[in-house]
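# Overview (structure and organization)
Spelled out from the first residue to the last, the chains are:
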Amino acid sequence: QVQLVESGGGLVQAGASLRLSCAASGIRFSTYAMGWFRQVPGKERQFVASISWNGARTTYPDSVRGRFAISRDNSKSTVILQMNNLKLEDTAVYYCATEARPFGLGMRSVDFTSWGQGTQVTVAS
């Protein structure tokens, strides 16, 4: 059974940085694409970043491209989301996710089927 545990959220001021981590277990981590999503109460979950199974491809929406960076450490079964120059609109619960099948590119949100419990990120002015 897949288990994903996020950490690193918190309260920061606009312009600051945060580093989120997600520790995975129950899967052969090095063969799965990983992703980060976020959600604000009352709104749909939003795609934030993904990294392919081999780390060769990363994908971001325009809203975070150039500010956020996703990376993976297969030796620790961990995926990292480095968030820089945070804005008020980045406030949300951030979720780590993995795809249902191995060897994916992480390019389609619908392919992410396993989720962590989330970690709150709050950006204040």
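Now for a quick tour of the structure. Since the model is a prediction, treat every value here as computed from it, not as a measurement. (Residues numbered from 1 in each chain as written. Predicted model: local features only at pLDDT ≥ 70, side-chain atom pairs only at ≥ 80, totals over all residues. Heavy atoms only, no water.)

Each strand in a sheet pairs with its neighbour through backbone hydrogen bonds, running either in the same direction (parallel) or in the opposite one (antiparallel). If you walk across this open sheet you meet the 4 strands as S1-S3-S8-S7, and the pairing is antiparallel. Strands at the two margins of the open sheet, each flanked by one partner only, are strand S1 (3-7) and strand S7 (68-73). Each adjacent strand pair in this sheet contributes to an overall mean axis angle of 15°, direction not counted. Relative to strand S3 (residues 18-25), S1 runs antiparallel, the two sharing 5 bridges. Counted as the bridge partner of Val5 is Ala23 from S3. (Pairing = 2+ DSSP bridges. Helix = DSSP H or I, 4+ residues; strand = E, 2+ residues; numbered from the N terminus. Axes fitted to C-alpha atoms, helices over the stretch in contact; angles between N-to-C directions.)

Here we take up the state of the cysteines. Within the structure shown, the criterion is met by 1 disulfide. The residue that forms a disulfide with Cys22 is Cys96, at a sulfur-sulfur distance of 2.1 Å. On the S-S bond that ties Cys22 to Cys96, the torsion sits near -75°, and the link is left-handed. In this pair, Cys22 sits in strand S3 while Cys96 sits in strand S9 (residues 92-99), placing the two residues 74 residues apart along the sequence. Just as Cys22 is buried, Cys96 falls in that class too. (Disulfide = S-S within 2.5 Å. Buried < 20%, exposed > 50% of the residue type's maximum accessible area, 1.4 Å probe, protein only.)

Moving on: the environment of Gly55. Mapped onto the elements of the fold, Gly55 is located in the loop between strand S5 (46-51) and strand S6 (58-59). In sequence terms Gly55 and Ser30 are 25 residues apart; their C-alpha atoms lie 9.1 Å from each other.

The next thing to look at is unusual backbone geometry. For Ser77, which is not glycine, the phi dihedral falls at a positive 50°. With respect to the element layout, Ser77 can be found in the loop between S7 and strand S8 (78-83). With a phi angle near 65°, Phe103 is a residue other than glycine that sits in the positive phi range. If you trace the backbone, Phe103 turns up in the loop between S9 and strand S10 (112-115).

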